[in-house]
Amino acid sequence: MRGSSFGYLIKVGVRSVFKNRLMSFASIGVLTACMLLIGSAGMLSLNVNSIVGYVEDQNEVVVFADDNLDEDELQNLDLDLHSMDNIRDIQFISREQTLEEFNEKSEEGLGFEEGDNPFPNAFRLSVDDLSRLSETVTKLQGLEGVIEVNAPTDIASTIVSVKQAVYIGGSSIVLILAIVALIIIANTIKITVFNRRKEINIMKFVGATDTFIKLPFFVEGMVLGLLAASLAFFILWGGYEYLVTWMDGNQSALFMMFKDQIIPFESIALMMYGAFAAGGVLIGVGGSMIFVRKYLRV
Amino acid sequence: MVVYWFIMINFTDVKKVYPSGTHALNGITLRIEKGEFVFIVGASGAGKSTLIKMLLREEVPSSGLVEVNGYNLNKMRRRQIPYFRRSLGVVFQDFRLIPTMNVYENVAFALRVTNVANRDIKRRVPYILSLVGLVHKAKSMPEQLSGGEQQRVALARALVNNPQLIIADEPTGNIDPELSFEIVDLLNEINKVGTTVVMVTHEHDLVQQFQRRVITIEQGRVLSDTAALGGF
């Protein structure tokens, strides 16, 4: 194909977007609406995940050591803890330290004397994966020199359930919306191409090759996809910023508690635009190509 | 079968049965030489449309041989079809102009598909439009033209590639009788410079006025093939 022909076909494709403005408007509208729905569901899911993740990170497990352990044995226990997986932020709290903290917090006269220290030596630590908390606690209990393990197993199982629900719910919503969007978009593109079947037919009779006919549709699909992606991206960005500012202004207790966990749009903007653009172009171009093919068999 | 250089169209015992079971052509044998002007006439359902579809390689015969302009259409591969069609000029009853392109672009499109350079398009299109008397309507959109004008644009598009064969499928079917004469007269002029013209029509008056070869089709067969005055 000649360079001038290639340039001409690209020009025709871009011009087609404006010439068939009604159908272009419909295609862009449908694509944008679908991307907005999917994007919103995605943003909600990401934020809930971030908040749940934050709560998850706050977990604390306390491992109490046997009073009879000498310094070497305590060191061995420390080494054992460090060699275990799913564990981080291990901190040794001596019985003296605990007594001091307790006495500081206790009312005058209710504290313990140093000789009557009832507290054992302990290790404070966090687990990486809360869903494996029970398994990790069992392992901790099995270590030599450990007398007791305190772990937030009930809260952990709730958080794990919430996290799973968010993941499954979010993915399902995005998946269902994506399928609905695909069906609507496919029909919109189908109507667009159907309206121009005569045009395709004429092109075939004057000797146009399939590539010659398809290229403008390819360009058109790409332009429509990119326009819809850009529109959806900026609306989502604006809407998200507005919502965050509004909630910040409202100073609700829940929002203030998790304010730092709200994902800034800028941090995922590039990824979001990339996903929108890829999705838009893929659907625009793919859809056009599939439906144009049907009318090329003349 | 030997195809002679002077043969433009060769149908040998061509039969066409559609999947529905309709027998559209029942053994058509005909030859049209280069430079001829031939009317193909026949009642509705006689097989004229199928014949045209065969000529354009829109349909392939169930049996028999179809050769057009040296191409064996039976053996033609799908990707060769566009190149074959570029050697023809086609005019349809419903004009088939691209509604989103103006007159100039509609005609130029036939050149663009053959990768003709822009400077040649700029030279050739106005010339062809002047031949059909529509140079002043170059920027008009098809919807702004009358039926006769639209058909002249379609004719210009068919001519712009200098085809050796023009196939006109009821080109006067959608236009006024006085303009019909004008269109056939244009085809007649084109034929005088050596282009083969095959025109399907059911307008007896036109056929009688132009006194050309007439092939009559009936029930998928050639009923008569006459070289001169009217009589069908």
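Residues numbered from 1 in each chain as written. Chains lettered and ligands numbered in written order. Predicted model: local features only at pLDDT ≥ 70, side-chain atom pairs only at ≥ 80, totals over all residues.

Chain B is annotated in an unreviewed UniProt entry as Cell division ATP-binding protein FtsE from Harryflintia acetispora. What UniProt states about chain B under its Sequence similarities (unreviewed entry) heading is, verbatim, "Belongs to the ABC transporter superfamily." In its Function (unreviewed entry) section, the UniProt entry covering chain B states "Part of the ABC transporter FtsEX involved in cellular division." (UniProt positions renumbered as here; feature names shortened; annotations may be inferred.)

The name recorded for chain A in an unreviewed UniProt entry is Cell division protein FtsX, from Harryflintia acetispora. Quoted straight from UniProt, the Function (unreviewed entry) entry for chain A says "Part of the ABC transporter FtsEX involved in asymmetric cellular division facilitating the initiation of sporulation." The Subcellular location (unreviewed entry) field of the UniProt record for chain A holds the comment "Cell membrane".

Focus on the overall build of chain B
The helix and strand inventory of chain B stands at 7 helices and 10 strands. Expressed as a percentage of its 232 residues, the buried residues of chain B come to 44%. A separation threshold of at least 6 residues defines the contact pool for chain B, and within that pool the share at least 24 residues apart is 67%. (Helix = DSSP H or I, 4+ residues; strand = E, 2+ residues; numbered from the N terminus. Buried ≥ 20, exposed ≤ 12 C-beta atoms within 10 Å, placed from the backbone. Contact = placed C-beta atoms within 7 Å.)

Quick notes on the overall build of chain A
Along its length, chain A carries 10 helices and 4 strands. When the helices and strands of chain A are placed in sequence order, the string is α-α-β-α-β-α-β-α-β-α-α-α-α-α. Of all 298 residues assigned to chain A, the portion counted as buried reaches 28%.

Thoughts on unusual backbone geometry
Residue and element names in this part refer to chain A. One non-glycine residue, Asn86, lies in positive phi territory at about 65°. Residue placement: Asn86 occurs in the loop between helix H3 (71–83) and strand E2 (87–93). For Asn86, a count of 15 C-beta atoms within 10 Å translates into the label partly exposed.

Concerning the UniProt feature "transmembrane region" (unreviewed entry) in chain A
Residues and elements named next belong to chain A. On the UniProt side, "transmembrane region" (unreviewed entry) is annotated at positions that read residues 21–44, 173–194, 215–237 and 268–292 here. Split by type, residues 21–44 is 100% helix and 0% strand. Its first and last C-alpha atoms lie 33 Å apart. Counting secondary structure, residues 173–194 comes out at 100% helix and 0% strand; the distance between its end C-alpha atoms is 31 Å.

Digging into the nonpolar core
Of all hydrophobic cores here, the largest spans 109 residues; its most connected members are Ile40, Val107, Leu155, Ala156, Ile166, Ile167 and Leu187 of chain B. Broken down by element, this core gets its largest block of residues, 14 residues, from helix H8 (residues 210–250) of chain A. Sequence-distant contacts of Leu187 of chain B, that is, excluding residues within four places in its chain, are made with Ile166, Ala168, Val197 and Met199 of chain B. Ranked by size, the runner-up nonpolar core spans 17 residues in total, among them Val52, Ala122, Val146 and Ile159 of chain A. (Core = buried A, V, L, I, M, F, W, Y, C linked by C-beta atoms within 7 Å.)

A closer look at the sheet that holds strand E2 (residues 23–33) of chain B
Sheet strands pair via backbone hydrogen bonds, and the direction of the pair is either parallel or antiparallel. Residues and elements named next belong to chain B. Pairing within the open sheet is antiparallel, and its 4 strands lie in the order E2-E1-E4-E5. Where the open sheet ends on each side, the last strands, each with one partner, are E2 and strand E5 (71–72). Where strand E1 (residues 7–17) and E2 come together, 8 bridges link them in antiparallel fashion. Its bridge partner being in E2, Asn10 is matched across the sheet by Arg31. Across the sheet, helix H1 (residues 48–55) lies against E1, E2 and strand E4 (63–68), angled at about 60° from E2, the strand it touches most. (Pairing = 2+ DSSP bridges. Axes fitted to C-alpha atoms, helices over the stretch in contact; angles between N-to-C directions.)

Thoughts on helix H3 (residues 103–112) of chain B
Two residues of an α-helix separated by three or four positions point the same way, owing to the 3.6 residues in each turn. Of all the 10 residues making up H3 of chain B, 9 are buried; the element is thus mostly covered by neighbouring parts of the structure. Residues of H3 of chain B that are buried: Val103, Tyr104, Asn106, Val107, Ala108, Phe109, Ala110, Leu111 and Arg112 of chain B.

Digging into the pairing of E1 of chain B
Residue and element names in this part refer to chain B. Here E1 hands over to E2 after 5 residues, with Gly21 in that stretch at a positive phi of 100°. Bridging between E1 and E4 involves 5 bridges; their strand directions are antiparallel. For Lys15, the partnering residue across the bridge sits in E4 and is Ser63.

Regarding the interface of chain A and chain B
Each side of the interface is counted separately: chain A has 15 residues, and chain B has 19 residues. Sorting the residues of the side of chain A that touches chain B by element identifies helix H1 (3–19) and helix H7 (197–205) of chain A as the ones contributing at least two each. By residue number, the principal contributor to the side of chain A that touches chain B is H1 of chain A, which donates 4 residues. Its residues placed into classes, the side of chain A that touches chain B shows 8 nonpolar, 4 polar and 3 charged. (Nonpolar A, V, L, I, M, F, W, Y, C, P; charged D, E, K, R; others polar.)

Comments concerning the sheet that holds strand E8 (residues 196–200) of chain B
All names here are of chain B. With mixed pairing, 6 strands are arranged side by side in an open sheet as E6-E7-E8-E3-E9-E10. Because the sheet does not close on itself, it has two edges, and the strands there are strand E6 (88–92) and strand E10 (221–226). Going from strand to strand, the sheet's axes swing by 15° on average, the running direction of each strand aside. In this structure, strand E7 (residues 165–169) lies alongside E8, joined through 5 bridges in parallel fashion. Residue pairing across strands places Ile167 opposite Val198, the latter belonging to E8. Helix-sheet contacts for H1 involve strand E3 (37–41), E7, E8 and strand E9 (213–218), and the interaxial angle to E7 is about 150°.

Quick look at the packing of helix H2 (residues 21–57) of chain A against helix H10 (residues 265–296) of chain A
Residue and element names in this part refer to chain A. Orientation of H2 relative to H10, taken along the N-to-C sense of each, is 140°, at an axis distance of 11 Å. It follows from the interaxial angle that H2 and H10 lie oblique. Classified by chirality, the crossing of H10 by H2 is right-handed. Of the residues in H10, those touching H2 at Leu31, Met35 and Gly39 are Met272, Phe276, Gly279, Gly280 and Ile283. When the residues that make up the contact of H2 with H10 are grouped by side-chain class, the tally is 5 nonpolar, 3 polar and no charged. (Parallel < 35°, antiparallel > 145°, perpendicular 65-115°, else oblique. Left-handed = near helix turned anticlockwise from the far one by under 90°.)

Notes on the environment of Ala158 of chain B
All names here are of chain B. With respect to the helices, strands and loops of the structure, Ala158 is situated in helix H5 (residues 147–159). Distance from Ala158 to Val90, taken between C-alpha atoms, is 5.4 Å for residues 68 residues apart in sequence. Leave out the neighbours within four places in its chain, and Ala158 touches Gly89, Val90, Val91, Pro163 and Ile166.

Concerning the packing of H8 of chain A against H10 of chain A
Residue and element names in this part refer to chain A. Taken N-terminus to C-terminus, the directions of H8 and H10 make an angle of 150°; their axes are 7 Å apart at the nearest point. In terms of their interaxial angle, H8 and H10 are classed as roughly antiparallel. Regarding H8 and H10, the two cross each other, and that crossing is right-handed. A class-by-class count of the residues in the contact of H8 with H10 yields 24 nonpolar, 6 polar and 4 charged.

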